[in-house]
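In case you want the letters, here they are:
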Amino acid sequence: MIFRGTGALIFVIDSQDDYMEALARLHLTVTRAYKVNTDINFEVFIHKVDGLSDDHKIETQRDIHQRANDDLADAGLEKIHLSFYLTSIYDHSIFEAFSKVVQKLIPQLPTLENLLNIFISNSGIEKAFLFDVVSKIYIATDSTPVDMQTYELCCDMIDVVIDISCIYGLKEDGAGTPYDKESTAIIKLNNTTVLYLKEVTKFLALVCFVREESFERKGLIDYNFHCFRKAIHEVFEVRMKVVKSRKVQNRLQKKKGATPNGTPRVLL
Ligand SMILES: Nc1nc2c(ncn2[C@@H]2O[C@H](COP(=O)(O)OP(=O)(O)OP(=O)(O)O)[C@@H](O)[C@H]2O)c(=O)[nH]1
């Protein structure tokens, strides 16, 4: 069954619609999935909240939370944990929700957070995000609280860098990539803050918020970034090695379990 190999199940509820039927489906889906895989993270997106007032948003979330958990308690399944997010496509809440969902699936998250904490505290940086450039999901950030506006500014910066690079950075025949090892950008805001973007890997970028006075020590920031980048590469190299050795082991096990004509000796 599909849920056996699933890390997270995202259930979307339309908050502008009557959600009673959706809640019944949520209960059915969650209980069935939990039967085959107790390790799934259940994530509920209360979607299209842009149409609701602030009070209505909170009330809707409270009501859905209460009803969904009551249904689970009635079925004796109170140990199932549901996480709720208010989302909309008209702001960055949908990206933030996906970021949080993805972060739960990253085994190296504590290491990444630790590296970001060390990096910002030694460089006088206010806030740093490690972004997946294509999806604009942040896969890790330091342990200071995330402010939605800060996150939106980082997303906008990535858009600007990639758009400018696509328009003016590629060769005339379209050769080259809009994002590579050389990708870097500095944007000075009118509130004495500097946004600084740097390439970390083929897929990841570091975007940080630095006060103007701290940015005067750019050499220090760049040196610390160099160490940070190296550490991130090491983290993912270890992961690649583990994945490769697991594949080799699986292949060997399969070979051992098969007779010369290919029929397994034991039922797998
Ligand atoms: N206001 C608002 N509209 C949204 C949001 N996300 C998607 N939509 C709109 O919702 C519409 C699609 O929604 P639905 O038709 O309800 O999608 P669905 O329920 O998956 O589709 P069906 O099951 O086929 O009805 C599109 O017009 C989208 O633009 C959101 O966050 N806010």
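Keep in mind the model is a prediction, meaning the values are calculated, not measured. (Residues numbered from 1 in each chain as written. Predicted model: local features only at pLDDT ≥ 70, side-chain atom pairs only at ≥ 80, totals over all residues. Heavy atoms only, no water.)

## A word on the environment of Thr 144
Okay, step 1: Along the chain, the position of Thr 144 falls in the loop between β5 (137–141) and α5 (148–169).
Okay, step 2: Overall, the relative accessible area of 33% leaves Thr 144 in the partly exposed class.
Okay, step 3: Thr 144 sits 40 residues away from Thr 184 along the chain, and the two C-alpha atoms are 24 Å apart.
Okay, step 4: When near neighbours in sequence (up to four residues on either side) are disregarded, Thr 144 contacts Glu 126 and Lys 127.
Okay, step 5: Engagement of the side chain of Thr 144 in a polar contact is seen with the side chain of Asp 142, the distance being 2.5 Å. (Helix = DSSP H or I, 4+ residues; strand = E, 2+ residues; numbered from the N terminus. Buried < 20%, exposed > 50% of the residue type's maximum accessible area, 1.4 Å probe, protein only. Contact = heavy atoms within 4.5 Å. Polar contact = N/O pair within 3.5 Å; in protein donor to acceptor, adjacent residues only side chain to side chain.)

## Concerning a nonpolar patch on the surface
Okay, step 1: On the surface, Val 160, Ile 164, Ile 167 and Tyr 168 cluster together into a nonpolar patch covering about 460 Å² of accessible area.
Okay, step 2: Inspection of the secondary structure puts Tyr 168 in helix α5.
Okay, step 3: For Tyr 168, a relative accessible area of 67% translates into the label exposed. (Patch = residues over 30% accessible without salt bridge, like charges linked within 9 Å, V, L, I, M, F, W, Y side chains within 5 Å. Areas by Shrake-Rupley, 256 points an atom, 1.4 Å probe, with all protein chains shown as cover. Salt bridge = Lys/Arg side-chain N within 4 Å of Asp/Glu carboxyl O.)

## With respect to the nonpolar core
Okay, step 1: In terms of nonpolar packing, the biggest core is built from 26 residues, with Leu 112, Phe 119, Leu 130, Val 200, Leu 206 and Phe 228 touching the most fellow members.
Okay, step 2: Of all the secondary-structure elements, those providing two or more residues to this core are α4 (109–123), β4 (125–132), β5, β7 (193–199), β8 (204–211) and α7 (218–257).
Okay, step 3: Filtering out sequence-adjacent residues up to four positions away, Phe 119 remains in contact with Ile 125, Leu 206, Cys 208, Ile 221, Asn 224, Phe 225 and Phe 228.
Okay, step 4: The next biggest cluster of nonpolar side chains, apart from the first, holds 24 residues, and it includes Val 30, Ala 33, Ile 40 and Phe 42. (Core = buried A, V, L, I, M, F, W, Y, C linked by side-chain atoms within 4.5 Å.)

## Some details on the confidence of the model for the protein chain
Okay, step 1: For the protein chain, mean pLDDT is 91; residues scoring 70 or higher make up 96% of the total.
Okay, step 2: Contacts of residues 262–268 to residues separated by more than four positions or lying in other chains number 9 contacts, the stretch itself having pLDDT below 50. (pLDDT = per-residue confidence, 0-100.)

## Structural notes on the sheet that holds β8
Okay, step 1: One open sheet holds the 5 strands; their spatial order is β5-β4-β8-β7-β6, and the pairing between them is antiparallel. The two strands at the open ends of the sheet, each matched to only one other strand, are β5 and β6 (184–188). Within the sheet, the average angular offset between the axes of one strand and its neighbour, ignoring direction, is 20 degrees.
Okay, step 2: Across 7 bridges, β4 lies against β8 in antiparallel orientation. (Pairing = 2+ DSSP bridges. Axes fitted to C-alpha atoms, helices over the stretch in contact; angles between N-to-C directions.)

## Observations concerning the environment of Thr 192
Okay, step 1: In this structure, Thr 192 sits in the loop between β6 and β7.
Okay, step 2: Of the residues examined, Thr 192 reaches a relative accessible area of 40% and is grouped as partly exposed.
Okay, step 3: Spatially, the C-alpha atoms of Thr 192 and Ala 8 are 40 Å apart, while their sequence positions differ by 184 residues.
Okay, step 4: Those residues in contact with Thr 192 that sit more than four places away from it in its chain are Val 210, Arg 211 and Glu 212.

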